[in-house]
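Overview (structure and organization)
Spelled out from the first residue to the last, the chains are:
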Amino acid sequence: MQLARPDMEGAERMPSAVSDLTPAVLRAAFATFPSGITAIAAVRDGRPQGLAASSFASVSLCPPLVSVCIARTSTTWPALRSAPRLGLSVLAAEHGEVARSLAARGTDRFAAVSWERTAQGAVFVHGSALWLDCSRYAELPAGDHEIVLLCIRQLRAYPEVSPLVFHGSRFRQLRAAGTEHG
Ligand SMILES: Cc1cc2nc3c(=O)[nH]c(=O)nc-3n(C[C@H](O)[C@H](O)[C@H](O)COP(=O)(O)O)c2cc1C
């Protein structure tokens, strides 16, 4: 892979290309891309079940689709995938502990989370920036993950709520760029 022409200004400062694409190398590379954090959850077997996912993306307006990538190793997704509705909450800046809790293993993930459910079992986290009430639309195999397309049935947006940001394997908060306070 040629990353820069030798005659390019500053080319000597370009890091050398890495072709040994180990999971650690890829995780570190992907971590340079900031994302939000979502909670994907539904009531299954009479209790809320869900997981934290940073792989959320908007996909289509017509039909209204979003996607998340779910690891094939997920033990929660098999329960969620048959749910009639899935709640997707875009977590807020103060939801760092919620995100950690929703990724923890061997615990009641919702024990310390304030949440509510719809009649059809979609579970939403209180205080989020966005709630999407979704049904499963399609699932595409993608390596060690599944790309899950979700169809939005209804939504509630709270644009005044500042989102939680995941970058460099850390939770962060947004700060406006280029303002007099920047
Ligand atoms: C910040 C963060 C982002 C995550 N994003 C994803 C994701 O996009 N897809 C995924 O499958 N797991 C993701 N996880 C891991 C899941 O939340 C969860 O830990 C994993 O699915 C294992 O739990 P399970 O076996 O109950 O599914 C993320 C975890 C954290 C802390």
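What comes next concerns the included structure. (Residues numbered from 1 in each chain as written. Predicted model: local features only at pLDDT ≥ 70, side-chain atom pairs only at ≥ 80, totals over all residues.)

Considerations on the overall build of the chain
Helix and strand counts for the chain stand at three helices and 12 strands. Overall, the C-alpha framework of the chain stretches about 65 × 45 × 40 Å when taken along its three principal axes. The burial tally for the chain puts 26% of its 182 residues in the buried class. Taking the intrachain contacts of the chain between residues at least 6 apart in sequence as the baseline, contacts between residues at least 24 apart amount to 64%. (Helix = DSSP H or I, 4+ residues; strand = E, 2+ residues; numbered from the N terminus. Buried ≥ 20, exposed ≤ 12 C-beta atoms within 10 Å, placed from the backbone. Contact = placed C-beta atoms within 7 Å.)

Describing the nonpolar core
Side chains of a nonpolar character, in soluble globular proteins, are inclined to be buried together. Grouped together as the largest cluster of nonpolar side chains are 36 residues, with contacts concentrated most on A39, I40, A42, A52, L86, L91 and A99. Apart from the residues lying within four places of it in its own chain, the contact partners of L86 are I40, A42, L80, A122, C134, R136 and L150. (Core = buried A, V, L, I, M, F, W, Y, C linked by C-beta atoms within 7 Å.)

Observations regarding the pairing of strand 11 (residues 164-167)
Every second residue of strand 11 is oriented toward a common face, the buried set being L164 and F166 and the non-buried set V165 and H167. In this structure, strand 1 (residues 35-36) lies alongside strand 11, joined through two bridges in antiparallel fashion. Of the residues in strand 11, the one forming a bridge with S35 is F166. Here strand 11 pairs with strand 12 (residues 170-173) via four bridges, running antiparallel. Bridging from a neighbouring strand, V165 pairs with R172 of strand 12. (Pairing = 2+ DSSP bridges.)

Thoughts on the site of the ligand
Lining the immediate surroundings of the ligand are 18 residues, of which S55, S74, T75, T76 and A103 lie closest. Contributions of two or more residues to the shell around the ligand are made by strand 3 (47-53) and strand 5 (65-71). Take the shell around the ligand: its biggest share by element is four residues, from strand 5. Of the residues contributing to the shell around the ligand, the split by class is 13 nonpolar, five polar and no charged. (Near = placed C-beta within 6 Å. Nonpolar A, V, L, I, M, F, W, Y, C, P; charged D, E, K, R; others polar.)

Here we look at unusual backbone geometry
Omega for the bond connecting C62 with P63 falls within 30 degrees of zero, at 5 degrees, which places this linkage in the cis form. Backbone geometry places D45, a non-glycine residue, at a positive phi of 50 degrees. In this structure, D45 sits in the loop between strand 2 (38-44) and strand 3. Although it is not a glycine, S169 adopts a positive phi angle of roughly 65 degrees. Note that S169 resides in the loop between strand 11 and strand 12. A count of 9 C-beta atoms within 10 Å places S169 in the exposed class.

Fair warning: the whole summary comes from geometry, so function is off the table for now.
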